[in-house]
Amino acid sequence: MPLVWVGLAPRKARFPFPGRTTMGELASMIEQRIAEASESLRMARAEGDAFLVDAREAEIDDLRRIANDHGIRSVDPDGA
């Protein structure tokens, strides 16, 4: 007796899935956040705000780590 498929036919997976981003979007988001944090870091240094300098440096380090974990080469204009 031949096998008969019962139920829904298999579908092709579509990407991106609703509510998820592509790697290109993730890379763009990380690059944008690094640029914003770098600008904020420059301003904090100019104003002598040690707490904000530490916070922005930690944020940039975290963004670089996330990029590295996902195989994304982040673009940091100043290398800050």
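Residues numbered from 1 in each chain as written. Predicted model: local features only at pLDDT ≥ 70, side-chain atom pairs only at ≥ 80, totals over all residues. Heavy atoms only, no water.

Caption draft 1: Broad picture of helix 1 (residues 23-47). With 25 residues, helix 1 ought to run about 36 Å at 1.5 Å a step, and its terminal C-alpha atoms sit 36 Å apart, in line with that. Those residues of helix 1 lying buried are L26, A27, I30, I34, A37, S38, S40, L41 and A44. Against the buried residues of helix 1 lie helix 2 (50-69). (Helix = DSSP H or I, 4+ residues; strand = E, 2+ residues; numbered from the N terminus. Expected span 1.5 Å × (residues − 1). Buried < 20%, exposed > 50% of the residue type's maximum accessible area, 1.4 Å probe, protein only. Contact = heavy atoms within 4.5 Å.)

Caption draft 2: Looking closely at the nonpolar core. Formed by L26, A27, I30, I34, L63, A67 and I72, the largest nonpolar core amounts to seven residues. Of all elements in the fold, only helix 1 and helix 2 reach the threshold of two or more residues within this core. In terms of residues, this core owes the most to one element, helix 1, which gives four residues. Among the nonpolar cores identified, the runner-up in size contains five residues, and A37, L41, A44 and I60 belong to it. (Core = buried A, V, L, I, M, F, W, Y, C linked by side-chain atoms within 4.5 Å.)

Interpretation note: all reported values are geometric properties and have no functional meaning in isolation.
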